[in-house]
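Here is what each chain is made of, one letter per residue.
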Amino acid sequence: MTRGKGVRRPPQTRAAHASGTVPGLMDWYRDSGRHSLPWRFSRDPYVVLVSEVMLQQTQVSRVIPAYGAWLVRWPHVFCLAAASQGDVIRQWSGLGYNRRALNLQRAASALVAAGAESVPVDPAILITLPGIGRYTAAAVASFAGEMPVPVVDTNIGRVLARRYLGLGSVRDASPSRLWQLAAELLPAAGPAAREHNLALMDLGATLCRSAAPSCGSCPVASSCSWLLAGRPVPTAGTSVGPRFETTDRFARGRIIDALRRGPHSFDSLVALLPSPHSAQTGRLLSGLEQDGLVVRAVRGFWTLPGDD
DNA sequence: TAACCGTGGTG
DNA sequence: TCACCAAGGTT
């Protein structure tokens, strides 16, 4: 397939890092960036899209093995578009937020149905696809397409909020302000913008962490508004929810995981929940059916879509 | 817009 | 132990 076509090491020449819009950032990135993350060696927009969707609210360490296995099985957008939904949901096992898997294939199918021969890198097109929002569209455009577009994820947002706005938490900053800041700081050339975006992201992920940031090692500490203000404490977090095991999210996950192993009767699905109630199970199955994650089969059995 | 959507790691 | 968090998106 075309997967290997765009593979190359990120440029690490001195010239690419000699200057930057954030003093100190690119020199730090050259020495301390996460250059070995597998998806950074590719410029194939399909490959980058797969990584970005998997990384939505999911840790890097959990994505790495899933990413490799996914691309072995479906190395091109054509392959994913032709896969069965059940197989796609099974392959997503362990990543959570199973609608992401379905949306990723819906996006692939929509592209192929529209005559595309590859995943586009135009963020205006990408954002029209299911499961792709502002961040993911920008990430594919910048990281795969090397287009000079700003990128704001939770890491970059936190770095910008602290360094430029003096806010301890990204939750205290307005998203539009963060995107505006990211645009103002963006280098003009696409390849340089890509490295800049990755550098900000790595700084947020490794030093400028949400909890216990390592300001002592930070390359921009001397100009950080938040640090200079004495690291004021962020506003209080959200209220505490119920135990996870009592939530719909947990029960939905149990049901999907059971159906990954094969069809189940309604009664067997009721039985595997922490507190077995047929009313709750029926409500959950209706919701899952609405999402397209489960299908009613014969004789009151339930399956993953494509397994029936 | 606030709530919802999984799962696992962490201090 | 547990509240918080993790390369967000959708409704």
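Since the model is a prediction, treat every value here as computed from it, not as a measurement. (Residues numbered from 1 in each chain as written. Chains lettered and ligands numbered in written order. Predicted model: local features only at pLDDT ≥ 70, side-chain atom pairs only at ≥ 80, totals over all residues. Heavy atoms only, no water.)

Here's the deal with the overall build of chain A
Summing up its helical and strand segments, chain A has 16 helices and three strands in all. Here chain A has a C-alpha radius of gyration of 22 Å; the compact-globule value for 308 residues is 19 Å, and the two agree. Along the first, second and third principal axes, the C-alpha set of chain A runs to 65 × 50 × 30 Å. Buried positions account for 47% of the 308 residues belonging to chain A. The long-range share in chain A, meaning contacts at least 24 apart out of those at least 6 apart in sequence, stands at 62%. Per element, the accessible surface of chain A, about 14300 Å² overall, is 56% carbon and sulfur. Once the 33 positive and 21 negative side-chain charges of chain A are each reduced to a mean point, those two points are 5 Å apart. (Helix = DSSP H or I, 4+ residues; strand = E, 2+ residues; numbered from the N terminus. Rg over C-alpha atoms; globule rule 2.2 N^0.38 Å. Buried < 20%, exposed > 50% of the residue type's maximum accessible area, 1.4 Å probe, protein only. Contact = heavy atoms within 4.5 Å. Areas by Shrake-Rupley, 256 points an atom, 1.4 Å probe, with all protein chains shown as cover. Lys, Arg positive; Asp, Glu negative; His and termini not counted. Charge placed at Lys NZ, Arg CZ, Asp CG, Glu CD.)

Looking at the protein's contact with DNA strand C
Taken together, 25 residues lie near DNA strand C, and Trp39, Glu52, Leu55, Gly131 and Thr136 sit nearest. In the interface set of DNA strand C, defined as its atoms within 4 Å of the protein, sugar plus phosphate atoms amount to 62%. Within the side chain of Arg158, an N or O atom sits 2.9 Å from a phosphate oxygen of DNA strand C. Sorting the residues of the surface near DNA strand C by element identifies α9 (134-144) and α10 (154-165) as the ones contributing at least two each. Here the residues of the surface near DNA strand C sort into nine nonpolar, nine polar and seven charged. (Near = heavy atom within 4 Å. Polar contact = N/O pair within 3.5 Å; in protein donor to acceptor, adjacent residues only side chain to side chain. Nonpolar A, V, L, I, M, F, W, Y, C, P; charged D, E, K, R; others polar.)

Describing the domain arrangement of chain A
Partitioning chain A into structural domains gives domain 1 (44-144) and domain 2 (245-303). Of note, the centres of domain 1 and domain 2, computed from C-alpha atoms alone, are 25 Å apart. If you look at the interface, domain 1 gives nine residues, while domain 2 gives nine residues. Of the roughly 770 Å² buried at the junction of domain 1 and domain 2 (both faces included), carbon and sulfur atoms supply 49%. Summed over the shared surface of domain 1 and domain 2, the number is one salt bridge. The partner of Arg99 in a salt bridge is Asp291, and the shortest N-O contact between them spans 3.5 Å. At the boundary of domain 1 and domain 2, one finds six residue pairs in polar contact (both at pLDDT 80 or more). Taken together, the elements giving at least two residues each to the side of domain 1 that touches domain 2 come down to α6 (85-91) and α7 (99-113). The element that contributes the greatest number of residues to the side of domain 1 that touches domain 2 is α7, accounting for three residues. The residue inventory of the side of domain 1 that touches domain 2, partitioned by class, reads four nonpolar, two polar and three charged. (Domains from an automatic or database assignment. Buried area = accessible area lost by both parts, 1.4 Å probe. Salt bridge = Lys/Arg side-chain N within 4 Å of Asp/Glu carboxyl O.)

Re the packing of aromatic side chains
A full pass over the atoms with the stated rule returns four aromatic pairs. Ring centres of Trp39 and Tyr67 lie 5.2 Å apart, and the angle between their planes is 80°; on these two criteria the pair is classed as edge-to-face. A residue pair is termed long-range when its members are at least 10 positions apart, and Trp39 in the loop between α2 (25-32) and α3 (45-54) and Tyr67 in helix α4 (residues 60-73) qualify at 28 residues. According to the relative accessible area criterion, Tyr67 is buried, its value standing at 4%. Relative to Trp74, the ring of Trp70 has its centre 4.7 Å away and its plane inclined at 70°; by these criteria the two rings are edge-to-face. Taken together, the ring pairs in this structure connect Trp70, Trp74 and Trp92 into an aromatic cluster. Lying over the aromatic face of Trp179, Arg134 brings its terminal NZ or CZ to 4.1 Å of the ring centre. (Phe/Tyr/Trp six-rings, centres within 6.5 Å; stacked < 30°, edge-to-face > 60°. Lys NZ or Arg CZ within 6 Å of the ring centre and 35° of its normal.)

Examining the protein's contact with DNA strand B
Taken together, 14 residues surround DNA strand B, and among them Gln59, Arg62, Arg99, Phe244 and Arg252 come closest. Counting only the atoms of DNA strand B that lie within 4 Å of the protein, the sugar and phosphate share comes to 53%. One of the backbone N or O atoms of Gln57 is found 3.1 Å from a base nitrogen in DNA strand B. Among the elements that take part in the surface near DNA strand B, helix α14 (residues 248-260) stands out by supplying four residues, more than any other. Classifying every residue of the surface near DNA strand B by side-chain character gives three nonpolar, six polar and five charged.

Quick notes on the environment of Leu25
Looking at the secondary structure, you find Leu25 in helix α2. Given the relative accessible area of 1%, Leu25 is considered buried. With 19 residues separating them along the chain, Leu25 and Asp44 place their C-alpha atoms 26 Å apart. Contact partners of Leu25, with chain neighbours within four places excluded, come to His196, Ala199, Leu200 and Leu203.

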